[in-house]
Amino acid sequence: MKIESQSLAAYLFGLSFVQQATPPAPPEKEVVDVWRDILRYPGESWSVSADGVHRDGVLDPARVLGRMFCVKIDRYLSTYLDKNAKSDGAYLGVRVPLSWLLRMADEEIWTPGDVLTYAEKYSGGTLDEEIREVRKFFPNLFYELTEESQRKSSIERFGKVLAKTWEEFGERELIHVSAPKFHKQWTKLVGEDREAEDDAVKAKQQWSMSVDGQFEKLCLESRGGCTVLQSGGGHVLLLAPKGEETEEVAKKELRSIQRRFLKLDDRGWSPLLWASWKSDEDKTGGYFDLGLKSKSSKANIDKVIFDLCEKYKESERGRYSGKERWAFFKYGKETFTGRRTDKPSIIYLDVIGLGKHCWPDKRNEIDIESGNPPSRSRKDAIDGFVRSRKITTVIESTFGLVFAKHLPERVLAMGGDEIQMEMDASEWLGVVENVEEHCKELHATIFDEEARLLWWAMCSEGGQIRDFQNLKEEVRKRTDGKHVALMRFVNPMWTNMGGLAGSGSSNGSGSSNGSGGGMDDLGRRTTAPKSPPPGNEPDWEAMPALPDELFEEEGGPESMAGVESLDGSSSRLTLSGPDGGDEKFGVTEVRWLCRWKNQDGSICNKSYEVENDARKCWCRHMWGNKWHEPREGIREAKAQAIVKKVEIEF
Amino acid sequence: MPSLSASERFSILCEAISNKKQDAGTFRESLMKAYNCWDESRVLPLVEEDRESSLRETAVREKEFAERCLSGIGPDENEAVLAQGDLCSVLAKEIGTRRETHKMIPWLGGDWVSMARIIIHNADLQIGVADGEATPEREYRPDHLIRVWPIEHIAGQPKSLPMQRTNRINFKIGKGAHPTDIFVQISTVNQKYDPHDFSWVILAEPPALLGKIADQETGLAKNLWSGLVRDPGTEQ
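Only a predicted model underlies this, so the values are computations on that prediction, with no experimental measurement involved. (Residues numbered from 1 in each chain as written. Chains lettered and ligands numbered in written order. Predicted model: local features only at pLDDT ≥ 70, side-chain atom pairs only at ≥ 80, totals over all residues.)

### With respect to the domain arrangement of chain B
Residues and elements named next belong to chain B.
Item 1. Domain annotation of chain B identifies domain 1 (6-140) and domain 2 (144-228).
Item 2. Using only C-alpha atoms to locate each centre, domain 1 and domain 2 end up separated by 29 Å.
Item 3. With 13 residues of domain 1 in contact, the opposing surface of domain 2 contributes 11 residues.
Item 4. With six residues, the single largest contributor to the side of domain 1 that touches domain 2 is helix α1 (residues 6-18).
Item 5. When the residues that make up the side of domain 1 that touches domain 2 are grouped by side-chain class, the tally is eight nonpolar, four polar and one charged. (Domains from an automatic or database assignment. Contact = placed C-beta atoms within 7 Å. Helix = DSSP H or I, 4+ residues; strand = E, 2+ residues; numbered from the N terminus. Nonpolar A, V, L, I, M, F, W, Y, C, P; charged D, E, K, R; others polar.)

So, in structure tokens, the structure goes:
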């Protein structure tokens, strides 16, 4: 079965959640309820189970396919709803997803059959395949909708539902509620030192996998009269009750959410919560926030971490069942057949710039730094949630694809925009290629945004993937659309390129004045080369990119490689600019070298801008990637490291 | 060497890809020219024996580099951004980490995986027989690999599609070399350029493989291609 919206009906049918009557017959309530939920854009923890017991299914395929179907409806029905849809002779001009209006409308006045019939009629044939499948597997949803006259009447009836709810939508204010700054808040909660410990890492993974579902649940349980229009990725869009003061509603909602977060699982803490609103008439808008609330004692933090770790253990079965369910979606011929089991690694997929893409912050630096929530216009909030639902669908279906095709050994973390999996390193290329193909198909069918680099893909053999923000930033700048036109979706990020991150941000932007990177926009070297990663020393002499006439040195040809200078000998490097002119000379650059001696007698010599990094490099050689555990020994370990300070004069 | 025009570079690339008989060294030269890397190429020794040895060394290095990329280890920071004087530079351009004076538009649209495989194959051809087994000759076709194509002209009239505000147009691409038809969707509103202004097109798939994501009736989705008014390698 292929991961596409056409598979939804067949997949649901296969779950056997209800025995359907032989058609023609009215549809069973369970069937109607499931399809209502789907057409209303399934919530974060929505799932369908055969035994009727709701479990917080991790990445439930029914939810993912259901969301794909909604996004496809958005893509092919939105222009009609905006420009052509009429009711009683008047143009409606609907400019929000259909599912939002369905969440507002009373269940008594519409049926899934009405919606599907309407969508089929006005989508120019683009939804025919999906709806044909629904008709095949759930024929009773179209009970009394088989005759032309019945369909016509259903379409007219549903047009009126749209007109009524769209009018009401315009009369009610929107409130954007979120639990933002996930990583920073976690650090603030547990502390920087505690955060790095294994149990805290696991606890954070559990928190990242559950927070969105819990947040949505708390919003849905609210009794403040708001309608939850959409939730995902820690953002919830609420439609305030008509005639009430928006600010008061927002405050009431946020306080209620915080209260229930504190009570939830007896955890006694609540994350930072934001609410913002801005009507069309109101130029300034408003916001309200409730900071992280917790008891900061060590005992309490340990309890938070312990409880989440316990939940992590309990949810092991849920994570495993996610893999089981996606197994049905193995599809097509696998070109990758070289599965091995000798190179355990962590494979990492992460959406590039998700936050900025969905929620661009147009405020100036000072306002952003203030820590106050941005107050977005009604239109900006709508656009943000529309972008969010589309990209969420791409993300979730991609994770599903990886489960189906690669069956990761273990899923270490799966948050809103990233997944970390234990797999054999030999799977990495297959993951890259499959994700690439999947994204291409989604762009061709349901996802209407411009093709762009969407994913980071990285493989770390035998190590943990943690701090590589700088590397990401440098590669992102390098592959920015302003400089390169790439028609692909996955951006590989190799740990081997680690030195790029340490090369200074000015370098990544292509400035030839970069302090540490030493190369200009076009890949020509302008300052001394940095030491390569251990065991991968490039052959400097074999680098014709650095024409000899541009590279004058005092002190013998061996310093061509910069080794003598880097070793702190008396030789000095003198470099000319790419055009032969002296650009930035007289500058002295300080570097710190890791002086680890390899088994073959060679010295690591990897250079760093700061001493601490060089010491850490030495410690990694000495004790492996987990050298910092237990944490009590970090200081002593680093003290043993042999490093060397060198100055490079230009 | 005077810089080559985009059309010349495109033709060199097509010829290299199509010509099964081109030897590995010539193939490398062609790719270096096509990717504007010719100026950084190493000067080969004049003595035949030394020349062969140098070509072999280059092939070994290129193969090791391409395999490293495919295995998930990847280039180091220097290989990613600095000129390397061989096909490693070409691969870095497809990866997207190398820069050019103007916006870089790699011929395979960033399909670094295919380029890495091409480089490995070429290296195998250069390195020669292993265990007495000959490396199979190249079986590439430009329309199965290249994603940046010159537009010859627009054929026929735009066709209105059932999707609102969308037309389908037919580009004749290839300019003599490997001419082919492609069908793409184009919005009928808010377009910065008239499709007649475009002289090049960048596709999400090579023309011969477009059937995987589009059919001729509806054409390639608007978000899976883009047009260039000016030549690749010039200011956009």
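### Thoughts on the pairing of strand β6 (residues 273-277) of chain A
Residues and elements named next belong to chain A.
Item 1. Among the five residues of β6, five are classified as buried, and the element is accordingly described as predominantly covered.
Item 2. Burial of the side chains of β6 extends over both faces: L273, A275 and W277 are buried on one face and W274 and S276 on the other.
Item 3. In this sheet, β6 lies alongside strand β3 (residues 174-178) in antiparallel orientation, the contact comprising three bridges. Paired with S178 across the bridge in β6 is W274.
Item 4. Judged from the five bridges that link them, β6 and strand β7 (residues 286-290) form a sheet pairing that is antiparallel. Counterpart to A275 in the pairing with β7 is F288. (Buried ≥ 20, exposed ≤ 12 C-beta atoms within 10 Å, placed from the backbone. Pairing = 2+ DSSP bridges.)

### Thoughts on the interface of chain A and chain B
Item 1. With 51 residues of chain A at the contact, the number on the chain B side is 43 residues.
Item 2. Elements represented by at least two residues in the side of chain A that touches chain B include exactly α3 (61-84), α17 (428-445), α18 (469-478) and α19 (498-501) of chain A.
Item 3. For the side of chain A that touches chain B, the leading source of residues is α17 of chain A, giving seven residues.
Item 4. Here the residues of the side of chain A that touches chain B are counted per class, giving 26 nonpolar, 13 polar and 12 charged.

### Some details on the confidence of the model for chain B
Item 1. On average, residues of chain B score 91 in pLDDT, and 97% of them reach the 70 mark or higher.
Item 2. Confidence metrics for the complex model read pTM 0.82 and ipTM 0.95. (pLDDT = per-residue confidence, 0-100.)

### What about the sheet that holds strand β11 (residues 455-461) of chain A?
Through backbone hydrogen bonds, the strands of a sheet pair up, either in parallel or in antiparallel fashion.
Residues and elements named next belong to chain A.
Item 1. Pairing in this open sheet of five strands is mixed, and the strands run β9-β10-β8-β11-β12 from one edge to the other. Bordering the open sheet on either side are β9 (410-414) and β12 (490-492), each of which pairs with just one other strand. The sheet shows a mean angle of 20° between the axes of neighbouring strands, taken without regard to direction.
Item 2. Here seven bridges tie strand β8 (residues 344-351) to strand β10 (residues 418-424), and the two strands are oriented antiparallel to one another. Paired with P344 across the bridge in β10 is D424. (Axes fitted to C-alpha atoms, helices over the stretch in contact; angles between N-to-C directions.)

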